[in-house]
Amino acid sequence: MLADQRYLAGDRLTLADVRLFPTLIRFDECYHTAFKCNRQYLHQYNNIWPYLRDLYQTPGFAETVRMEHIKDDGYYHGEITPVGPGLDYEQPHGRDHLPTADGSRAQTL
């Protein structure tokens, strides 16, 4: 689905995307190991990883991410804090070619 459309519900950012973002941003850094959701990292999926970076790079999203807090809370409340995987959420997402409702970059809600 994300191979052909920019957002979960089509060509515009919706509450579904906003609500999914916290889970996605935490997945590789915390959930993958802590909850043994370890079949694959999200950054190994061809469409979810660019989608996550696209959301992260949308104004208003990155400002909500405190990765050290996520890691501390997700791993035994600060007793063990992982170093990695240290993903680059700023690298180009390559999704600008997918249609948006107004033909431009996503707007914040």
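Residues numbered from 1 in each chain as written. Predicted model: local features only at pLDDT ≥ 70, side-chain atom pairs only at ≥ 80, totals over all residues. Heavy atoms only, no water.

Student: I would appreciate a short explanation of the packing of aromatic side chains in the present structure.
Tutor: Working definition: an aromatic ring pair is given by the centre-to-centre distance plus the angle between the planes. Across all of its chains, the model carries three aromatic pairs by this definition. Both rings, one in phenylalanine 21 and one in phenylalanine 61, keep their centres 5.0 Å apart while their planes meet at 85 degrees; by these two values the pair is edge-to-face. On the criterion of sequence distance, the pair formed by phenylalanine 21 in helix H1 (residues 15–34) and phenylalanine 61 in the loop between helix H2 (48–56) and helix H3 (67–74) is long-range, its members being 40 residues apart. For phenylalanine 21, a relative accessible area of 3% puts it in the buried group. On the numbers, 5.5 Å between centres and 65 degrees between planes, the contact of tryptophan 49 with tyrosine 89 is edge-to-face. Here tryptophan 49, found in helix H2, pairs with tyrosine 89, found in the segment after H3; they are 40 residues apart in sequence, far enough to count as distant. We note that tryptophan 49, like tyrosine 89, is buried. Members of the aromatic cluster, each reached through a chain of ring pairs, are Trp49, Tyr56 and Tyr89. (Phe/Tyr/Trp six-rings, centres within 6.5 Å; stacked < 30°, edge-to-face > 60°. Helix = DSSP H or I, 4+ residues; strand = E, 2+ residues; numbered from the N terminus. Buried < 20%, exposed > 50% of the residue type's maximum accessible area, 1.4 Å probe, protein only.)

Student: What am I meant to see in the environment of phenylalanine 21 here?
Tutor: A C-alpha to C-alpha distance of 7.3 Å links phenylalanine 21 and leucine 55, two positions 34 residues apart in sequence. Excluding residues that lie within four positions of it along the chain, phenylalanine 21 makes contacts with Leu52, Leu55, Tyr56, Phe61, Thr64 and Val65. (Contact = heavy atoms within 4.5 Å.)

Student: What am I meant to see in H1 here?
Tutor: Three- or four-residue spacings in an α-helix give side chains the same orientation, since the helix completes a turn every 3.6 residues. For H1, which comprises 20 residues, the first-to-last C-alpha distance of 27 Å matches the rise-based estimate of 28 Å (1.5 Å per residue) to within 8%. The sharpest bend along H1 reaches about 80 degrees and sits at phenylalanine 27. What H1 keeps buried is the set Asp17, Phe21, Leu24, Ile25, Phe27, Asp28, Glu29, Cys30 and His32. Downstream of H1 by one or two residues, lysine 36 has phi in the positive range, about 55 degrees. (Expected span 1.5 Å × (residues − 1). Bend = angle between axes of the 7 residues up to and from the residue.)

Student: I'm lost on the side chain of histidine 93 in this one. Help?
Tutor: Along the chain, histidine 93 falls in the segment after H3. For histidine 93, a relative accessible area of 8% puts it in the buried group. Of the polar contacts made by the side chain of histidine 93, one reaches the backbone nitrogen of arginine 95; its length is 2.9 Å. (Polar contact = N/O pair within 3.5 Å; in protein donor to acceptor, adjacent residues only side chain to side chain.)

Student: When you look at the side chain of arginine 53 in this model, what are you seeing that I'm missing?
Tutor: The topology assignment puts arginine 53 in helix H2. The side chain of arginine 53 is buried and forms no salt bridge, while aspartate 88, the nearest opposite charge, is found at 7.2 Å. At 3.3 Å, the side chain of arginine 53 forms a polar contact with the backbone oxygen of glutamine 91. Among residues more than four places away in sequence, those in contact with arginine 53 are Asp88, Tyr89, Gln91, Pro92 and His93. (Lys, Arg positive; Asp, Glu negative; His and termini not counted. Salt bridge = Lys/Arg side-chain N within 4 Å of Asp/Glu carboxyl O.)

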